Amino acid sequence: MKQSKKGLSNWLLLLGVVVLAVAPLVLIKGAEFSGADGQAEDAIKEIQPEYKPWFNPLIQLPSGEVESLLFSVQAAAGAGVIGYVIGLSKGRSQHQRNKE
């Protein structure tokens, strides 16, 4: 009985995450979802137009697609590390339970 409640709550959590991710895309028509870097730069220029950045980028990427690709790879690597750590801890706890 306890396992079925846990499974149901996991599915409800997953559904909540999907709804939170998809809702803005569906509800806000014609919106431009840009990164926080560009918005911060625009806000700084609006507040202080003569501001000059302290540093320049080390690498100029050829296009926005390459930037998106690198961001996706970074996100996938982070998700892989988190999944590995969760799986490792679950495996260790099951191993400890089986030992007893």
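Residues numbered from 1 in each chain as written. Predicted model: local features only at pLDDT ≥ 70, side-chain atom pairs only at ≥ 80, totals over all residues. Heavy atoms only, no water.

- If you check an unreviewed UniProt entry, the chain appears there as Cobalt transport protein CbiN from Nostoc flagelliforme FACHB-838.
- Heading Pathway (unreviewed entry) of the UniProt record for the chain holds this comment: "Cofactor biosynthesis; adenosylcobalamin biosynthesis." (UniProt positions renumbered as here; feature names shortened; annotations may be inferred.)

A short note on the overall build of the chain
Okay, so step 1: Assigned secondary structure in the chain consists of three helices and zero strands.
Okay, so step 2: Of the roughly 9800 Å² of accessible surface on the chain, 65% is carried by carbon and sulfur atoms.
Okay, so step 3: With 10 positive and 9 negative side-chain charges, the chain shows a separation of 26 Å between the mean positions of the two kinds. (Helix = DSSP H or I, 4+ residues; strand = E, 2+ residues; numbered from the N terminus. Areas by Shrake-Rupley, 256 points an atom, 1.4 Å probe, with all protein chains shown as cover. Lys, Arg positive; Asp, Glu negative; His and termini not counted. Charge placed at Lys NZ, Arg CZ, Asp CG, Glu CD.)

Observations concerning a nonpolar patch on the surface
Okay, so step 1: Judged by side-chain polarity, Trp11, Leu14, Val18, Val22, Leu25, Val26, Leu27, Ile28 and Phe33 come together as a nonpolar surface patch covering roughly 940 Å² of accessible area.
Okay, so step 2: In this fold, phenylalanine 33 is placed in the loop between helix H1 (2-27) and helix H2 (36-47). (Patch = residues over 30% accessible without salt bridge, like charges linked within 9 Å, V, L, I, M, F, W, Y side chains within 5 Å. Salt bridge = Lys/Arg side-chain N within 4 Å of Asp/Glu carboxyl O.)

What about the UniProt feature "transmembrane region" (unreviewed entry) in the chain?
Okay, so step 1: Mapped onto this numbering, the UniProt entry gives "transmembrane region" (unreviewed entry) at residues 12-31 and 69-89.
Okay, so step 2: Structurally, residues 12-31 is divided into 80% helix and 0% strand, and its ends, taken at the C-alpha atoms, are 28 Å apart.
Okay, so step 3: Strand forms 0% of residues 69-89 and helix 100%; the C-alpha atoms that close the span are 30 Å apart.

A short note on the layout of surface pockets
Okay, so step 1: Considering only enclosed or pocket space, the largest pocket measures out at about 770 Å³ in volume.
Okay, so step 2: If you go around the largest pocket, you meet 22 residues; those closest to its centre are Asp37, Gly38, Glu41, Pro57 and Glu67.
Okay, so step 3: Mapped onto the lining of the largest pocket, the elements with two or more residues apiece are H2 and helix H3 (64-99).
Okay, so step 4: Tallying contributions element by element places H2 first for the lining of the largest pocket, with seven residues.
Okay, so step 5: Split into classes, the residues belonging to the lining of the largest pocket amount to eleven nonpolar, seven polar and four charged. (1 Å grid on protein atoms, 1.4 Å probe; cavity = no way out; pocket = protein on both sides within 12 Å on 5 of 7 lines; lining within 4 Å. Points joined across faces, edges and corners; volume = space filled by probe spheres on them. Nonpolar A, V, L, I, M, F, W, Y, C, P; charged D, E, K, R; others polar.)

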